[in-house]
Amino acid sequence: MPIKEDEGIVLRSIEIKEIDKIVTIFSKEHGIVKGVAKGAGKFHSRFGASLEPLSYIRFIYYEKEGKELFVIKTAEIVKSFFEIQKDIKIFNGFSQMAELMEEFVPPKARDEIVFRLLKASLEAVSIGIEIEGVLLYFKYWLLKASGLLPNLKKCKVCKREGEGYLSPSMDGIYCRECAKIKTIEVNEDISRFLAFIFKNPPCKLKEFQLSETEKTKMEQLVNELILHNIEKLPKTLSLK
Ligand SMILES: [Zn+2]
């Protein structure tokens with residue numbers, strides 16, 4: 001029963017009979033960990049308060065033999081994102097990120113890139129960057145980090161670079177000349193956005209202006225790619 005210490009971001013926190021809490025944390029060293037926090041569900045519990053969603057915490061926990069859930073012994077807040085958590089739009093955005101991470105990252109697997117991605121997204125929103133842009137940033141990066149983002153620059157047939165349409169098998173694009181089915185467009189705005197986000201942190205998103213139409217197109221494309229790679233429709237993913 002080795003005791004482990006780690007830091008991480010609380011993704012989910014569910015009260016059990018007003019006594020305990022079941023908490024899902026994206027930790028730095030051990031990826032997604034799920035554990036029970038005894039007594040954290042009680043009214044006015046300081047332990048419970050540190051386990052609110054989106055809190056950045058340092059925590060101590062151990063594994064119980066034969067049990068799926070860890071036991072979270074103590075937790076302290078390193079940085080609370082309480083203010084942004086109260087905004088329903090932001091809260092929903094991060095719920096979507098939490099659900100997607102659970103789909104794409106296997107439990108207990110250290111994933112430094114996704115951890116940094118989540119932390120940077122949280123920090124960006126806390127300095128006033130709009131959640132819609134951060135969510136787009138997060139989704140494209142999550143696909144890239146999982147090795148699931150196809151080449152959206154080069155036509156699969158003639159290898160020419162430029163605008164085109166997503167292939168029906170969603171593994172690349174066909175240019176205007178080669179495409180037989182033209183449903184989901186991959187235009188220059190998308191390429192520009194991708195080039196920008198793969199070079200810059202999300203707190204720089206203010207420098208990148210996106211129109212509502214562009215945003216909708218990028219969202220449609222990334223949601224199609226996500227749905228193609230997971231088996232079930234995430235509860236939080238609303239498709240337009
Ligand atoms: Zn072509």
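This one's a predicted model, so the numbers in the text were calculated from it and none came from an experiment.

**Q** Can you walk me through the overall build of the chain in this structure?
**A** For the chain, the count of helices and strands is seven helices and eight strands. Along the first, second and third principal axes, the C-alpha set of the chain runs to 65 × 40 × 30 Å. Within the span of the chain, comprising 240 residues, buried residues form 31% of the whole. Residue pairs in contact within the chain that sit at least 24 positions apart in sequence constitute 54% of those at least 6 positions apart.

**Q** Please clarify how the environment of K217 should be interpreted in this entry.
**A** You can see K217 is positioned in helix α7 (residues 212–229). Sequence spacing of K217 and K17 is 200 residues, and the spatial spacing of their C-alpha atoms is 44 Å. K217 has contacts with E185 and I190, leaving out every residue within four places of it along the chain.

**Q** I tried to follow helix α6 (residues 188–197) on my own but got confused; where do I start?
**A** Structural remark: α-helix, 3.6 residues per turn; residues separated by three or four positions point the same way. Along α6, the residues that are buried comprise I190, F193 and I197. The arc that holds every buried residue of α6, seen down its axis, measures 65°, which confines them to one face. α6 presents E188 and A195 as exposed residues on the side facing more than 90 degrees away from its buried surface.

**Q** Sorry if this is basic, but what is going on with the domain arrangement of the chain here?
**A** How big an interface is tends to be reported as the loss of accessible area on association of its parts. Taken domain by domain, the chain comprises domain 1 (3–80) and domain 2 (88–230). When each unit is reduced to the centre of its C-alpha atoms, the spacing between domain 1 and domain 2 is 30 Å. On the domain 2 side, the residues contacting the eleven residues of domain 1 number 14 residues. Mapped onto the side of domain 1 that touches domain 2, the elements with two or more residues apiece are β1 (3–16) and β3 (31–37).

**Q** How should I be thinking about unusual backbone geometry in this particular structure?
**A** Outside of glycine, negative phi angles account for most residues, and trans bonds account for most peptide bonds. Even without glycine at this site, E18 takes up a positive phi of about 60°. Mapped onto the fold, E18 is located in the loop between β1 and β2 (20–27). At H44, a position not held by glycine, the phi torsion is positive, near 65°. Assessed through the 6 C-beta atoms surrounding it within 10 Å, H44 is described here as exposed.

**Q** In this structure, what is going on with the sheet that holds β1? I would like to understand it.
**A** Working definition: the strands of a sheet are paired by backbone hydrogen bonds and lie parallel or antiparallel to each other. Spatially, five strands are ordered β1-β2-β3-β5-β4 in a closed barrel, and the strand pairing comes out mixed. Neighbour-to-neighbour, the strand axes of this sheet turn through a mean angle of 45°, independent of strand direction. In this sheet, β2 lies alongside β1 in antiparallel orientation, the contact comprising eight bridges. Within the sheet, the bridge partner assigned to S13 lies in β2 and is V23.

**Q** I keep staring at the packing of helix α4 (residues 112–126) against helix α5 (residues 131–145) and nothing clicks. Help me out?
**A** Helix-helix packing: each pair is described by the crossing angle between the helix axes and the interaxial distance. Viewed as axis vectors pointing N to C, α4 and α5 meet at an angle of 175°, and their least axial separation amounts to 10 Å. Looking at the two axes, α4 sits roughly antiparallel to α5. The segment α4 lies against α5, with I113, V114, L117, S121, A124 and V125 engaging I131, V134, Y137, F138, W141, L142 and A145. When its residues are assigned to classes, the contact of α4 with α5 shows twelve nonpolar, one polar and no charged.

**Q** Looking at this model, I keep getting lost on the pairing of β3. Mind explaining?
**A** Sheet faces and side chains relate simply in a regular strand, where the side chains alternate between the two faces. Buried residues dominate β3, accounting for five of its seven residues. As paired elements, β2 and β3 share seven bridges and run antiparallel to each other. Bridge assignment links S27 to a residue of β3, and that residue is G31. A loop of three residues connects β2 with β3, the two strands running antiparallel in sequence. When β3 meets strand β5 (residues 70–79), the two strands line up parallel, connected through two bridges. In the strand pairing of β5, V36 is matched with V71.

What counts, and at which threshold
Position numbers for residues start from 1 in each chain and track the written sequence from start to end. Where totals are concerned, whole chains, interfaces and linings use all residues; where local detail is concerned, this predicted model gives features only for residues with pLDDT of at least 70, and gives and counts side-chain atom pairs only at 80 or more. Helix and strand definitions here come from DSSP, where helices need a minimum of 4 consecutive H or I residues and strands a minimum of 2 consecutive E residues; each element is numbered from the N-terminal end. As a rule, residues whose C-beta atom has 12 or fewer other C-beta atoms within 10 Å are exposed, those with 20 or more are buried, and those in between are partly exposed; C-beta atoms are placed from the backbone. Residue pairs are scored as contacts if the distance between their C-beta atoms, which are placed from the backbone, is within 7 Å. The arc under discussion is defined with respect to the helix axis, by the directions toward the C-beta atoms. Domain delimitation follows an automatic or database domain assignment. Criterion used throughout: strands pair if DSSP finds at least two bridges between them. Every angle, taken between N-to-C directions, lies between 0 and 180 degrees, and every axis is a line fitted to C-alpha atoms, over only the stretch in contact when it is a helix. Any angle from 65 to 115 degrees is called roughly perpendicular, while one under 35 is roughly parallel, one over 145 is roughly antiparallel, and all others are oblique. The classification used treats Ala, Val, Leu, Ile, Met, Phe, Trp, Tyr, Cys and Pro as nonpolar, Asp, Glu, Lys and Arg as charged, and all other residues, Gly among them, as polar.

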